[in-house]
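One letter stands for each residue in the lines below.
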Amino acid sequence: MNRLSTLSRRLLIAASVLALVGQACTISLLENPFSKPATATPGAVVASATPYPVAQTTFVVTIPEALLPGESLILAVIDEVTGANTNVIQYPMSPRDSLTYTGTLALPYNAVVKYRYIRRSTGQVVEDTTLGTAIRYRMHYAVGPGEVRDIIGDWGDKSLVRPAGTILGQVFNADNGAPIPNILVTAGGVQHITDSFGRFELGGLAIGTQQLVAYSLDGYYLPFQQGAVVAQDSTTIVDLRIKPTRLVNVTFIVSVPQNTMPGVPVRIAGNLLQFGNTFADLQGGMNTVPDRMPLLNLQPDGRYAITLGLPVGTYIQYKYTLGDGFWNAEHKESGEWVLREFIVPGQDFTVQDAVATWQATKESAPILYEVTVPSVTPPSDIIYIQFNTFTWTEPIPMWPLGNNRWVYKLYSPLNFFGTLSYRYCRNAQCGSADDNQTVGTTPTGRQSTTSLLEQDIQDSVGSWKWFENPETLALVGSTITPRAAGFVAGVEYQSTYSPNYSYYAPQAYANTKALGSNLIVLTPSWSFASISPLRFGSIPGSDPLWIDSAIMISQARNLGMNVALFPTPHFSPAPDSATSASAAFWKNAPRDAQWWQTFFTRYRAFLVNYADLAAQSGAQSIILGGDWITPALPGGTLPDGSASNVPADAEAQWRSIIQDVRSRFRGQVLWAMPYSKTSFQSPVNFLRDVDAIYLLWSIPIATSQTATKTDYANEAGRLLDNEVAPMASLLGKPIILGVAYPSAAGAASGCISNGAGGCVDLPALSRPNADISSVSLNLQTQADIYEAMLIAVNARPWISGFISRGYFMPVALQDKSTSIHSKPAADVLWYWFPRLLGTVK
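Since this is a predicted model, take the numbers as computed values, not measurements.

*Asks:* Sorry if this is basic, but what is going on with the state of the cysteines here?
*Replies:* Throughout the structure, instances matching the rule amount to two disulfides. Shown here is the disulfide that connects Cys425 with Cys430, its sulfur atoms set 2.0 Å apart. Taking the torsion about the sulfur-sulfur bond, which here is approximately -70°, the covalent link between Cys425 and Cys430 counts as left-handed. This pair shows no difference in class: Cys425 is buried, exactly as Cys430 is. Across the disulfide, Cys751 is cross-linked to Cys759 (sulfur-sulfur distance 1.7 Å). On the sign convention where negative is left-handed, the bridge of Cys751 and Cys759, at about -95° about the S-S bond, is left-handed. Cysteine pairing for the chain, with bonded cysteines counted in sequence order: 1-2, 3-4.

Right under this line is the structure:
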């Protein structure tokens, strides 16, 4: 099997699951619940409760120092379906000596167990790495009876100094030798997601023999496990070859309790990507999200069913749910959590299950939440309810009744609550698209109380934050000259990411297409997890996985849109709103010769990874660079103007990187650069190696506080003619403007006051960041700037494109950010884009 066909197969399955998920919120509970065709029932019938042979597995662990009197060691088995911190099964371990402990577990053959170690004293302390980073979990592949040897590097409440080393390697397809992306590789609790070359790096490992596991997040490859010797201050090179597997049809048929609200959506939560597992630490310790779970079809006999293609030999953990893996998931009659399991056999088969109860206790009756939302709520929106246990957890989609009414019946878990906080939000964006009564990331929320009797709580949302009374724009006609073929009219999406974005992407793309856009710019990311040592890679939950980006590209292509990828790093948050996250990164970086060498190596891998994705998924363009990269350019300077100490061979490094990208991707290669007089006066030579310049434009175009839209257009025209045009002529490259102005007072001045004598960093105004109250909302200003910029572009045929930057994908908000989603500035683009492209006269 080749890499392209494998990607296509995975995309097909993933897209099918997303389509099934989408049914849950397009069907009203008032419609005929039997309108969906019944699912076929192929193959042998197997009950998921059928016991599997078990392998007696002994865990032997070496701890960094002897336990104190009264302390004990626990092996904690993690349930990532319910939530990594919610249904932990703890096994006490016995000492062999003061530093060695052991415990034996009976594990199903071919199961993959996730676990970590806990030191119990007056509280519980979880292990971490020698670098001080928390351990999510270790992994063990139970292929038979045996012994697992682990080494604990450190504890979360200590900073022990221990010798450490690194494992570096690649993962390949055992059948054809192709490198495999999107594989989770772990040793000693350190995890890494492989890139397009199959590369991984596990640093900060305690010395000794570590158990190395390669795990396919969607099960398309069988797990691989072996020992790897880690030596002090050394790198162990390991190449792993993992076996692909084939798919069989697995049909799930389940009967639900009689007290289940008729016609409600039933989902399957599970341990693979296609069952909603994000492999990320989400709000409240959750790991699964309902927006990514498959939705079962209601059958005429009242049961629910679905057929899925699942990979042979894969260990499946799953449960049925009316919410996610925690809220409204099935329970045993005793109230315990249910976690079903099986190994996918080599032929089609059927699993028949019965949910005993949705309730965790009979001491608390279900609560029905009904809410009426404002009439201005977009009809495509889905209303979510979010619950607070000890913290806010992941939002749950409610069930539509029609006429702006939504309902959700909460069955469990209600066995350990008295008062339960909750709130409503739009499109799962709690903290950004909130009910105005419960705004922000840490509101008190509305209150409900558990009871022996069923309750019906009826609420109304008076208004939505940032969508109280959506403003529109009265458009003024202009004489617009249609451009030649190849003109770009596009929208760039904001680089923040959440695992449910792929669910809302099609609607965002449809909105973008309706503006007349011919290009979508996606901004997939990796994150800088550490500056020194420099660690840069994909972090699940914060960055889209390879398959997530591939799905979103496929969704855009299916709508007939062209796609450009603009790989954009994520940085740790800045200390204040006036400092950009990237500026803080550069300030704190060592920037010595070795650090720079590591930086260019990591950044090259980042770009080549997305060049491979662009090539395999059908994207038309890739954009390199960005407004953060200036310190790494030849003669680079920091944001404060001081020298960055970039190596003398920076020019050669960039030319080599561009060459590597071109060797992997045959589409257009663009370079993104911020508007800068310095860049215009002496542009770096490697810009001649790209196909076009993506000029990031957020500069002042107001020459006075009383400047008008006409003044904006005149100033923009002057800057384009006097500073940009000479550079375009010198380089001989097309210029595409990437425009980003917030809908805030003072946006045209290029400096929005932060109330403390400085200027606000524009991304700080974007959701899900907290609102900056010193900044005043002004939607008209953004619309005027957009119209002025388009007037300037209209008069200059040498400009090859116009792209609006910062579009917030999941929900329409009329906030202060640079996003134009459902703002008056979008009306401006709706008028201009089709006329510039000549599709409307």
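*Asks:* Explain the pattern of salt bridges to me, please; I cannot follow it from the model alone.
*Replies:* A side chain of one charge can pair with a side chain of the opposite charge if their charged atoms are brought near each other. Scanning the entire structure with this criterion turns up 34 salt bridges. Among the ionic pairs, Arg136 bridges to Glu80, the shortest N-O distance being 3.2 Å. Linking Arg136 in the loop between β8 (124-128) and β9 (138-142) with Glu80 in the loop between β3 (72-77) and β4 (89-92), this pair joins segments that are 56 residues apart in sequence. Glu80 matches Arg136 in its accessibility class, with the two residues each being buried. Between Glu370 and Arg405 there is a salt bridge, with its nearest N and O atoms 3.7 Å apart. Remark: Arg405 occurs in strand β30 (residues 405-410) and Glu370 occurs in strand β26 (residues 367-372); sequence separation between them is 35 residues. Residue classification places Glu370 among the buried positions, given a relative accessible area of 17%.

*Asks:* I'm lost on the confidence of the model for the chain in this one. Help?
*Replies:* Reading predicted coordinates in detail is not appropriate for stretches of low pLDDT. Chain-level pLDDT for the chain is 92 on average; 93% of the residues reach the 70-or-more range. A low-confidence stretch, residues 26-42 (pLDDT under 50), is modelled with 43 contacts involving residues beyond four sequence positions or located in other chains.

*Asks:* Help me understand the packing of helix α5 (residues 593-617) against helix α6 (residues 650-664), please; the structure alone is not making it clear to me.
*Replies:* Any two packed helices are characterised by the angle at which their axes cross and by the distance between the axes. Relative orientation of the contacting elements α5 and α6 amounts to 20°, with a least axis distance of 8 Å. Between α5 and α6, the interaxial angle falls into the category roughly parallel. Remark: the crossing between α5 and α6 carries right-handed chirality. In this structure, α5 contributes Phe600, Tyr603, Arg604, Leu607, Val608, Ala611, Asp612 and Ala615 to the contact, and α6 contributes Ala650, Gln653, Trp654, Ser656, Ile657, Asp660, Val661 and Arg664. Taken together, the residues of the contact of α5 with α6 break down into 10 nonpolar, two polar and four charged.

*Asks:* Would you take a moment to explain the pairing of β9 for this structure?
*Replies:* Two faces, one strand: in a regular strand the side chains alternate between the faces of the sheet. Along β9, five of the five residues are buried, which leaves the element largely enclosed by surrounding structure. What you see with β9 is no split at all: Arg138, His140 and Ala142 on one side and Met139 and Tyr141 on the other are buried throughout. In terms of strand pairing, strand β7 (residues 111-120) meets β9 through five bridges, oriented antiparallel. For Val112, the partnering residue across the bridge sits in β9 and is Tyr141.

*Asks:* Is there a simple way to think about the environment of Glu333 in this case?
*Replies:* Checked against the element boundaries, Glu333 lands in the loop between β23 (315-321) and β24 (340-343). By relative accessible area, Glu333 is classed as exposed at 57%. Considering only alpha carbons, one finds Glu333 and Thr361, 28 residues apart in sequence, at a separation of 8.4 Å. Sequence-distant contacts of Glu333, defined by excluding residues within four places in its chain, comprise Ala356 and Thr357.

*Asks:* Can you walk me through the environment of Ile151 in this structure?
*Replies:* Position of Ile151 among the secondary structure elements: in strand β10 (residues 146-151). Here Ile151 falls in the buried class, since its relative accessible area comes to 12%. In contact with Ile151, other than residues within four places in its own chain, are Thr62, Arg138, Arg162, Ala206, Ile207, Gly208, Thr209 and Gln210.

Cut-offs and rules
Counting of residues starts from 1 at the beginning of each chain's written sequence and follows it residue by residue. Since the coordinates come from a predicted model, pLDDT governs what is reported: local features require at least 70, and pairs of side-chain atoms require 80 or more to be given and counted, while whole-chain, interface and lining totals use all residues. The side-chain numbers reported here are obtained from all heavy atoms of the structure, hydrogens and water having been left aside. The disulfide criterion is simple: two cysteine sulfur atoms within 2.5 Å. Relative accessibility decides the category of a residue: with a 1.4 Å probe and only protein chains considered, values under 20% of the type maximum give buried, values over 50% give exposed, and everything between is partly exposed. Salt-bridge detection follows one rule: a side-chain nitrogen of Lys or Arg within 4 Å of a carboxyl oxygen of Asp or Glu. Secondary structure elements are taken from DSSP: a helix is a run of H or I of four residues or more, a strand is a run of E of two residues or more, and numbering for both begins at the N terminus. You can read pLDDT as the predictor saying how much it trusts each residue, on a scale of 0 to 100. For this analysis, residues touch if any pair of their heavy atoms sits within 4.5 Å. Each axis is a line fitted through C-alpha atoms, taken for helices only over the stretch in contact, and angles between the N-to-C directions span 0 to 180 degrees. Reported orientations rely on four angle classes, namely roughly parallel under 35 degrees, roughly antiparallel over 145, roughly perpendicular from 65 to 115, and oblique for the rest. When the near helix sits turned anticlockwise from the far one by under a right angle, the crossing is termed left-handed; a clockwise turn instead gives a right-handed crossing. Put simply, Ala, Val, Leu, Ile, Met, Phe, Trp, Tyr, Cys and Pro go in the nonpolar bin, Asp, Glu, Lys and Arg in the charged bin, and everything else, Gly too, in the polar bin. Whether two strands pair depends on DSSP finding at least two bridges between them.

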